[in-house]
Each structure stands twice: as C-alpha cells, then as structure tokens.
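# Residue-level structure breakdown
Chain by chain, the residues:
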Amino acid sequence: MNIAIAADHGGYDLKEALKKHYTDLNLSDLGTYNSESVDYPDVAQKMVHAIQNKTADLGILICGTGVGISIAANRYKGIRAALIYSKEVARLAKEHNNANILVFGGRTMTVDDVIKYIDTFMQAVYEGGRHQRRLDKMDIME
Ligand code: RB5
C-alpha cells in the first residue's frame, strides 16, 4: 500500500515524527519540508491529487488542528477525509466511512496517540453493505 503524508507548518513536527516511526511503511512525503508558514489548502490539494491519480492509496494530512485541512480536502471529488480523535473513531472511519485520508492536529494531538489511531485504522476492515449505499449517495452529490 502506498501511503502519502503531508502537513502545513502547524503539522510539520508531527509529520516528521510519524515518518521516523513508520520506517516500515511505503510513505511518500508531499511536504511541507520545513516549519515556514504555508497555506493548508495548497497542501490539501497536493494530497488530493495523489489520491485521485492513485499514486497514493491512503493519505495522512496534518495541520494545526486538523480542521482547516479537512475542510479543504473534502471539497474534492472522491475524497473522504476523516479527522480522527480517538481509537474508536479511527476504527469506524475505516469500517463505516472507508476514509481515504486520515487527518490529525499537530498542535492538538500527541505523537503516541496519533500512532495508535493510525494503527487502529490500518487493522480495521471496511464493512460495505449499507455503508456503501451511503458512500454512493455522497458520490452523487459531488
Ligand atoms: C495555521 O496557523 C493553522 O491555522 C492551520 O494549521 C490549521 O490549524 C487550520 O485549521
């Protein structure tokens, strides 16, 4: 599985910590590459293109709170970006929502918690069925 990771300046430190932890994953870093200020809509757009053109199967996006970059990513077709804040939400984001981007807050979450959330999401399985009907309805809205 190809996983892309990207952050604005508010998520830069968390992105670097996750890269250090997940050396066993095929993780491509789409930036930003230092802590200078950048605009989170630009970061979200870069990630969205990677998901839409299938160079990444899953995205990890980080800004200060996770809110702005979630809003930006979810404007695009085919994107299901989920702001994860607990293990239960991580599991359900896969089982029910089949999220294709996980979003975290670099200024609001600890590295240890985010690792637990990512691991939980990766172990979960999409349930399909009634959940697919709901995802299909959202695709029609786009
Ligand atoms: C940047 O200062 C900050 O606004 C951004 O990282 C994010 O938290 C926005 O939602």
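In short, a report on the structure. Keep in mind it's a predicted model, so treat the numbers as computed, not measured.

### Structural notes on the nonpolar core
- Counting 22 residues, the largest nonpolar core has Leu18, Ile60, Ile62, Ile84, Leu102, Phe104 and Ile118 as its most contacted members.
- At the level of secondary structure, the elements contributing two or more residues to this core comprise strand 1 (2–7), helix 1 (12–21), strand 3 (58–63), helix 4 (87–95), strand 5 (101–105) and helix 5 (111–123).
- In terms of residue count, helix 5 provides more of this core than any other element does, five residues in total.
- Formed by 19 residues, the second largest nonpolar core is a distinct cluster that contains Ala6, Cys63, Ile69 and Ala73.

### Quick notes on the site of the ligand
- Taken together, the residues surrounding the ligand are Asp8, His9, Tyr40, Cys63, Gly64, Thr65, Gly68 and Arg107.
- Interatomic distance of 2.6 Å between a side-chain N/O atom of aspartate 8 and an oxygen atom of the ligand.
- Contact between the ligand and glycine 68: an oxygen atom at 2.9 Å from a main-chain N or O atom of the residue.
- Within the shell around the ligand, the residues separate by chemical class into two nonpolar, four polar and two charged.

### Focus on the pairing of strand 5
- Counting buried residues along strand 5, five of its five residues qualify, which places the element largely inside the surrounding structure.
- Every second residue of strand 5 is oriented toward a common face, with Ile101, Val103 and Gly105 on one face and Leu102 and Phe104 on the other, all of them buried.
- Across three bridges, the pairing between strand 4 (residues 81–83) and strand 5 is parallel. Paired with alanine 81 across the two strands is isoleucine 101, which belongs to strand 5.
- Crossover strand 4 to strand 5 through helix 4 is right-handed.

Thresholds, definitions, all that
- Residues numbered from 1 in each chain as written.
- Predicted model: local features only at pLDDT ≥ 70, side-chain atom pairs only at ≥ 80, totals over all residues.
- Heavy atoms only, no water.
- Core = buried A, V, L, I, M, F, W, Y, C linked by side-chain atoms within 4.5 Å.
- Buried < 20%, exposed > 50% of the residue type's maximum accessible area, 1.4 Å probe, protein only.
- Helix = DSSP H or I, 4+ residues; strand = E, 2+ residues; numbered from the N terminus.
- Near = heavy atom within 4 Å.
- Polar contact = N/O pair within 3.5 Å; in protein donor to acceptor, adjacent residues only side chain to side chain.
- Nonpolar A, V, L, I, M, F, W, Y, C, P; charged D, E, K, R; others polar.
- Pairing = 2+ DSSP bridges.
- Right-handed = clockwise from strand over helix to strand, strands pointing away.

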